[in-house]
Structure formats: C-alpha cells, structure tokens
Amino acid sequence: MKPNKPAKQLQAFFDEAGRIARFTAWYFRQAIRPRYEFRELIRQCFIIGYQSLGLVVLTGFIMGLVLTMQLRPTLVDYGVESQIPAMVAIAVVREVGPVITALIFAGKIGSSIGAELGSMRVTEQIDAMEVSGTNPYKYLVVTRVTAATLMLPILVLLSDTISLYGAYLGVNIKTVTSANLFIWQVFDVLDFTDLMPAFIKTFFFGFAVGMIGCYKGYNSTRGTEGVGRSANSAVVLSSVMIFIIDLLVVQVTDIMGFN
Amino acid sequence: MANKIANNIKLGVFVIAGLLLLIFALYMIGKKSNMFGSSFTLRARFRNVDGLRAGNNVRYAGIETGTVEKVLILNDTTIEVVMSIDEKARSYIRKNAQTTIGNEGLMGNKVVNIYPNPVQGELVKENDLLQTVQQADIGNMIGTLTRTNDNAAIIASELVETVKRINSSPVLWRILSDTTLPANLSATMAGVRSSAEHLNHSVAELQVIVNDIHAGKGAAGLLLEDTAARGTASRALNNIHNVTAEANGLMQRLDSIASILQSGVGNKDGMLYGLLSDTSFTQRLSRSLNNVENGTAAFNEDMEALKHNFLLKGYFKKQARKKAQ
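Residues numbered from 1 in each chain as written. Chains lettered and ligands numbered in written order. Predicted model: local features only at pLDDT ≥ 70, side-chain atom pairs only at ≥ 80, totals over all residues. Heavy atoms only, no water.

**Q** Please set out the overall build of chain A residue by residue, giving values where relevant.
**A** Helix and strand counts for chain A stand at nine helices and zero strands. Secondary structure elements of chain A occur, N-terminal to C-terminal, as α-α-α-α-α-α-α-α-α. Taking all 259 residues of chain A together, 46% fall into the buried category. Restricting to contacts in chain A with at least 6 residues of sequence separation, those with at least 24 account for 84%. Approximately 13000 Å² of chain A is accessible, and the part contributed by carbon and sulfur atoms is 66%. (Helix = DSSP H or I, 4+ residues; strand = E, 2+ residues; numbered from the N terminus. Buried < 20%, exposed > 50% of the residue type's maximum accessible area, 1.4 Å probe, protein only. Contact = heavy atoms within 4.5 Å. Areas by Shrake-Rupley, 256 points an atom, 1.4 Å probe, with all protein chains shown as cover.)

Quick look at the structure:
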C-alpha cells in the first residue's frame, strides 16, 4: 500500500532528524580524536566571528536604540521613565540580544556554511579530499561547528554591549542620564541568573547554527540548485532550532529556579 | 603571511574584547553581591518576609551594604533572614538597629532595610540577630480599604434612600414652596432674638442677685452668708423651740385645769356649777356683791370723815407729805 503524503512527510521528517542526530554524534566523535585542525579552526573563527562583527554590532545598536524609543512612551505614561535602562538591560541580556544575534548569525553564517559545503559537495571537492586522505568531516565540519559554537557567545556579548550603548543614546535623546548612572542602573537589576543562562544558551545556538549549516551543505545534492536549497534550508532550520533551544533553555532555567 | 597574522591579531582582539566584557559583567554583578570583598553575616527574624528571597539587597540607612544570603523557615511563625553584609559597614551597624522588609520603589524587588537606632548601642558582631519591625502589610491595608469602601457603599445607599424620602415628602415640599415661610421664619427669629436678649438681661439680673446674696446683701444674703445673723437666727430658732416646749407644758396644765373645771361644772353640788348654772345662786351672789359695794362706799365715806377728824388729821397729813416726797 502506497503511503499518503502526510505520512510520507512525517517519515521524511524523522529520517532527517535521525540523519542530523547521527551527523551530530559523528561531530563529537571526530572532535575529540586527533589530529586537530587548529589552523583551520582559527581561520574559521576569524571568518565566522570577526567577519560577522560589523553586522552584529549594527543590528545590536539599532536593537537597543529602537527598544528604548519604543519603551519610552509606555513607561512615561506609567511614570517609570527612570526604569528604561533596567528594562532594556533585562530584555537585551536575557532574551533579545542572544536570540536576535543568533538569528542574524544564522542568516549570515548558516547560509554561508551551507552554500560553501554544498558547492564543495556538488563539485566533488569533498570526495577529492577523502580520496587524498584528508578527513573532510574533521577539516570542514568540526572546525566550522566549533568556531560557530565559540564565536556566537562572544558576538552576543559584544552585541549586548553595543545594544546597551544604543539604549544609553536612546535614553539621552529626551532626557539626560550620565553614563555612570546608566551603568549602575543596568547592573543593579542584572543578576547571575540573568547573565549566565543567556550566555550559556548562546553556545547551543552557535552549535545548532554551525551543525545545521554543515549538515545541509555536507549532504547537498542535485547540483547548483541543491546548493541554493542547502543554504536556504540551513537558515530556515537554524532559525527554528534557535527558537526551540530558547524555549527549552527557558523551561530548564525556570525548573532550576533561575527565573 | 602578513595578512594571516593581521587576521589572527584581529581575531585575538575580538575574542579578548568579548572575554573582557564577560569578566566586566561578572565582576559588576558579583560586586553587587559582595562576592569580591570581605563580608560578615547578620540575621533577622520576621513573621512574614513578603516574598523576600536570596539575592535581594540589604540597605543600611538607604545605602546598599549587602545581600540576602538565605531565607530559612525556623517554625510556623518565624522566618530567619541571613544577610551577607559588607565588612565596611560593620563599624556603623549597632546591635539595636531595626530591620524591616520594604520594596525597591513602587514595583521593585523586596529589600531588607536596616535603620540605625537613635539610641547608641554596641556594634554588631558576626552572626548577630538584629531587631525587626513588621511593616504595614499591603494586604491588611487593602482589607481596611475594602471595609471602608463597604461602609461608604452603605452610607451612599442610605443617603440615596434619604434623598428619595425627602423627594417623596409632600410636607417638606410644601414647606419649601411656602413663600411666606421665610418672612415667618425671619419674624420668629427676631422674636427668638428678642427673647434671648430678655433672657440675657434676666440672667444678668439674676447674676447680680446671686452676687448680692454671695456678698451677704439682703435678707437672703444675710441668712445665707452673714455668720452673725446665722447665729442669731439659730438662737431665735432655739428660743422658739424652748417657747414651744413651754407652751406645750402650759397647754398641758391648762388642759388639766380645764378638766378640773369640767369636773367642777359637772358637779351640781359644786360652787362652779352654782355659779354657772344656778340662777338663784347667781341672784344671791349679785345681791351680796351690791351689798359689798354699798358697804364699801359707806366705808369710804367713813374714812373721809376720819381724815377730817382732828384726832387723825395729823396722821393723814404726814402720809400725804411722804407721798409728795
């Protein structure tokens, strides 16, 4: 009996999930085994981290400024205008900063990795590496996933800082608040339970973006069309995964009493 | 190669900048929690901590000096709050300082406030238990407000009822629509005012009288205020009392005489009966009295004749001279 379309889709979904799980397990197995590709890792850190800085800083600054300007009228109505730094700090550090930066990161790096590895796959460069004795998974996947995992938290820290600077400028558009007071107000409301879960979840975001980008590119098929499809699906799936991980982290931190 | 080195430097700066930011954030948050300075522990016990939890700030006289370390339930009515206080504050906090649980602003987190006591006390030591003051509970305040609202609602409904009764009262409306009422009221008020003036006048006069009485003026004053007159009156009363007693004795004697007379009158053989009831006796008595009168007149004539007798004439002249002297 021929399976109907939803059943086929469900089967394909579970098949894809299983493949990703196996791909992920393979990453851990390859990552702990020598030989380590440090040079390639450093290069990938530069490409993935440093070269994403401009985009992340720009979006972070706009995010902080806009958030402040959007919050102000409501807070003024309630007579708690002085709480803007505190509210923006909590919003940026706990949620907005990590998630928005991760989405930007997924858009830039996920698609980039997916397209790069996809094109290497369809042009049989990966096959050539295997033939030449180089472990393509270790060289291409492990380095990129590790770089993405390590660089996104740093990008998020910088993005948060720039966002708060944008918020500081946003506060000073209508009123005058000293930088000292602003910093004091920001750190007065922040606690380890705000910073640490948000910081730790960015490792998972980075890992998810790197892993999905590599999986989609590494398993790309059907020529140049497949490359575009890989890049696109890498971004979409990474974005969805970011929200799913965010949801899981919020639930876990809530259970652990960090909220 | 140079390009590669430059890229490595850029990456290094990027990573170090990120790590420095992380360290700065951790330091700032840790500093707030007294993680990087020496601290000591103080305790306070409350009946209700109003949602206070570990990590909330502790303020001494409004200055942040520490954080809440633990909130422990000791028994069903006692919650112990263990506070980590900055060592710098040790030389200011005294054992008699008072601790309350408050809010950071209107909607902020809970905070433990330590207020210095105006009376100087001993400085605190490690793990000392501070005095606590239970703040007014917002729940209780809302409860009171609810009761006040209920009372206000009852008053309002009764007021509505009263207004309805006023509106439906024809007598009241007739009074209100009576155009002559103001003039009558005005006249009545004038009368009342005049009466009041008279009354005032009377009261003033009465006051004068009372003052006079107090001053011992007039008969009443003399009676009430003059001690000599009071003594005289007292003596007079005593005399009256004595006279009354004597009169009573006299009356008793008179009564006995009257009874004797009565018995005398009743006795037909007695003299009184004859005197009062026997007409022949009376006639005889009358004749006897006439005879006595005649005899007396003759005697007087005889005596007059004796005065002119030469034998007795000297005696009578001597008697006349004695009388004249």
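**Q** Give me the overall build of chain B: which residues, what numbers.
**A** In terms of regular secondary structure, chain B is built from nine helices and seven strands. The buried share among the 325 residues of chain B stands at 17%. For chain B, the proportion of contacts with a sequence separation of at least 24, taken over those separated by at least 6, is 57%. Split by element, the accessible area of chain B, about 23600 Å² in all, is 61% carbon and sulfur.

**Q** Which residues make up the sheet that holds strand β2 (residues 57–60) of chain B, and what are the values?
**A** All names here are of chain B. Pairing is mixed in the closed barrel, where seven strands are placed in the order β1-β4-β3-β2-β6-β5-β7. Direction aside, the axes of adjacent strands within the sheet are offset by 40° on average. In the sheet, strand β3 (residues 63–75) pairs with strand β4 (residues 78–86) via eight bridges, with the strands oriented antiparallel. Among the inter-strand pairings, Asn 75 is bridged to a residue of β4, identified as Thr 78. (Pairing = 2+ DSSP bridges. Axes fitted to C-alpha atoms, helices over the stretch in contact; angles between N-to-C directions.)

**Q** Please provide a residue-by-residue account of the nonpolar core, values included.
**A** Generally speaking, a soluble globular protein has its nonpolar side chains buried in company with each other. Core analysis: the largest hydrophobic core is formed by 44 residues, its most contacted members being Phe 23, Ile 48, Phe 105, Tyr 137 and Val 141 of chain A. Of all the secondary structure elements, the ones that give two or more residues to this core are α1 (5–32), α2 (38–48), α4 (84–122), α5 (125–131), α6 (136–174), α8 (192–218) and α9 (223–255) of chain A together with α1 (2–32) of chain B. Per-element tally for this core: the top contributor is α6 of chain A, with 13 residues. If near-sequence neighbours (up to four positions away) are discounted, Phe 23 of chain A is found in contact with Tyr 137, Val 141, Met 211, Cys 214, Tyr 215, Tyr 218 and Asn 219 of chain A. Core analysis: the second largest hydrophobic core is formed by 21 residues, Ala 44, Ile 85, Ala 89 and Ile 93 of chain B among them. (Core = buried A, V, L, I, M, F, W, Y, C linked by side-chain atoms within 4.5 Å.)

**Q** For the pattern of salt bridges, give the residues involved together with the corresponding values.
**A** Residues and elements named next belong to chain A. Taken as a whole and assessed by the stated rule, the structure comprises 20 salt bridges over all chains. Arg 144 is the partner of Glu 40 in a salt bridge, and the nearest nitrogen-oxygen pair spans 3.7 Å. On the criterion of sequence distance, the pair formed by Glu 40 in helix α2 and Arg 144 in helix α6 is long-range, its members being 104 residues apart. Arg 144 shares its class with Glu 40; the two are buried. (Salt bridge = Lys/Arg side-chain N within 4 Å of Asp/Glu carboxyl O.)

**Q** Explain a positive patch on the surface to me, and be specific about the residues and the numbers.
**A** All names here are of chain B. A cluster of basic residues, Lys 313, Lys 317, Lys 318, Arg 321 and Lys 322, forms a positive patch on the protein surface. Its location among the elements puts Lys 313 in helix α9 (residues 310–324). What makes Lys 313 partly exposed here is its relative accessible area of 38%. (Patch = residues over 30% accessible without salt bridge, like charges linked within 9 Å, V, L, I, M, F, W, Y side chains within 5 Å. Lys, Arg positive; Asp, Glu negative; His and termini not counted. Charge placed at Lys NZ, Arg CZ, Asp CG, Glu CD.)

**Q** Kindly report on the confidence of the model for chain B, identifying the contributing residues and their values.
**A** This prediction gives chain B a mean pLDDT of 84; 96% of its residues lie at or above 70. Interface confidence for the predicted complex, given as ipTM, is 0.78, next to a pTM of 0.61. (pLDDT = per-residue confidence, 0-100.)

**Q** Which residues make up a nonpolar patch on the surface, and what values do they have?
**A** All names here are of chain B. On the surface, a cluster of nonpolar side chains totalling about 440 Å² of accessible area is made up of Leu 250, Met 251, Leu 254, Ile 257 and Leu 261. By secondary structure assignment, the location of Met 251 is in helix α6 (residues 227–266). Residue classification places Met 251 among the partly exposed positions, given a relative accessible area of 46%.

**Q** Would you mind going over the layout of surface pockets in detail, with residue names and values included?
**A** Its volume calculated, the second largest pocket comes out at about 530 Å³. Met 28, Lys 31, Lys 32, Asn 34 and Glu 64 of chain B are, among the 20 residues lining the second largest pocket, the residues nearest its centre. Those elements that place two or more of their residues in the lining of the second largest pocket are α7 (179–189) of chain A together with α1 and β3 of chain B. The element contributing the most residues to the lining of the second largest pocket is α7 of chain A, with five residues. Among the residues forming the lining of the second largest pocket, the class breakdown is seven nonpolar, six polar and seven charged. (1 Å grid on protein atoms, 1.4 Å probe; cavity = no way out; pocket = protein on both sides within 12 Å on 5 of 7 lines; lining within 4 Å. Points joined across faces, edges and corners; volume = space filled by probe spheres on them. Nonpolar A, V, L, I, M, F, W, Y, C, P; charged D, E, K, R; others polar.)

**Q** Got a sec to walk through the interface of chain A and chain B? Specific residues and values, please.
**A** Many descriptions give the size of an interface as the accessible area lost when the pieces come together. Taken residue by residue, the interface counts 26 residues in chain A and 23 residues in chain B. Contact between chain A and chain B buries roughly 2100 Å² in total, counting both sides, with carbon and sulfur atoms accounting for 78%. It is Phe 46, Phe 187 and Phe 192 of chain A in chain A that bury the most area against chain B; as a group they hold 28% of the surface buried on that side. In this structure, the connection of chain A to chain B is made through zero salt bridges. In this assembly, chain A and chain B are joined by zero residue pairs in polar contact (both at pLDDT 80 or more). Of all the elements in the fold, those that place two or more residues in the side of chain A that touches chain B are α2, α6, α7 and α8 of chain A. (Buried area = accessible area lost by both parts, 1.4 Å probe. Polar contact = N/O pair within 3.5 Å; in protein donor to acceptor, adjacent residues only side chain to side chain.)

**Q** For the environment of Met 35 of chain B, give the residues involved together with the corresponding values.
**A** Along the polypeptide, Met 35 of chain B turns up in the loop between α1 and β1 (39–46). For the pair Met 35 of chain B and Asp 86 of chain B, spaced 51 residues apart in sequence, the C-alpha separation works out to 9.8 Å. Excluding anything up to four places from it in sequence, Met 35 of chain B contacts Phe 192 of chain A together with Gly 30 of chain B.

**Q** I'd like a rundown of α9 of chain A, residues and numbers included.
**A** All names here are of chain A. For α9, built from 33 residues, the straight-helix expectation of 48 Å at 1.5 Å per residue is met to within 8% by its first-to-last C-alpha distance of 47 Å. The set of residues buried in α9 consists of Gly 226, Val 227, Ser 230, Ala 231, Ala 234, Ser 238, Ser 239, Ile 242, Ile 245, Asp 246, Val 249 and Thr 253. On its buried side, α9 packs onto α4 and α8. (Expected span 1.5 Å × (residues − 1).)

**Q** I'd like a description of α8 of chain A, backed by residues and values.
**A** A rise of 1.5 Å per residue sets the reference length of α8 of chain A, with its 27 residues, at 39 Å; its end C-alpha atoms lie 39 Å apart and thus fit the reference within 8%. Within α8 of chain A, 21 of the 27 residues are buried, which leaves it mostly tucked inside the rest of the structure.

**Q** Run through the packing of α6 of chain A against α8 of chain A, naming residues and quoting values.
**A** Residue and element names in this part refer to chain A. It is at 7 Å that the axes of α6 and α8 come closest, and there the two elements cross at 150°. Considering the relative orientation of α6 and α8, their crossing is right-handed. Partitioned by chemical class, the residues of the contact of α6 with α8 number 18 nonpolar, four polar and one charged. (Left-handed = near helix turned anticlockwise from the far one by under 90°.)

**Q** Summarise the packing of α7 of chain A against α1 of chain B; cite the residues concerned and give the values.
**A** Put simply, α7 of chain A and α1 of chain B touch, their axes get as near as 9 Å, and they point 70° apart. Classified by the angle their axes make, α7 of chain A and α1 of chain B are roughly perpendicular. Between α7 of chain A and α1 of chain B, the residues in contact are Ile 183, Phe 187, Asp 188 and Val 189 of chain A and Phe 24, Ala 25, Met 28, Ile 29 and Lys 32 of chain B, respectively. For the contact of α7 of chain A with α1 of chain B, the class distribution of residues is seven nonpolar, no polar and two charged. (Parallel < 35°, antiparallel > 145°, perpendicular 65-115°, else oblique.)

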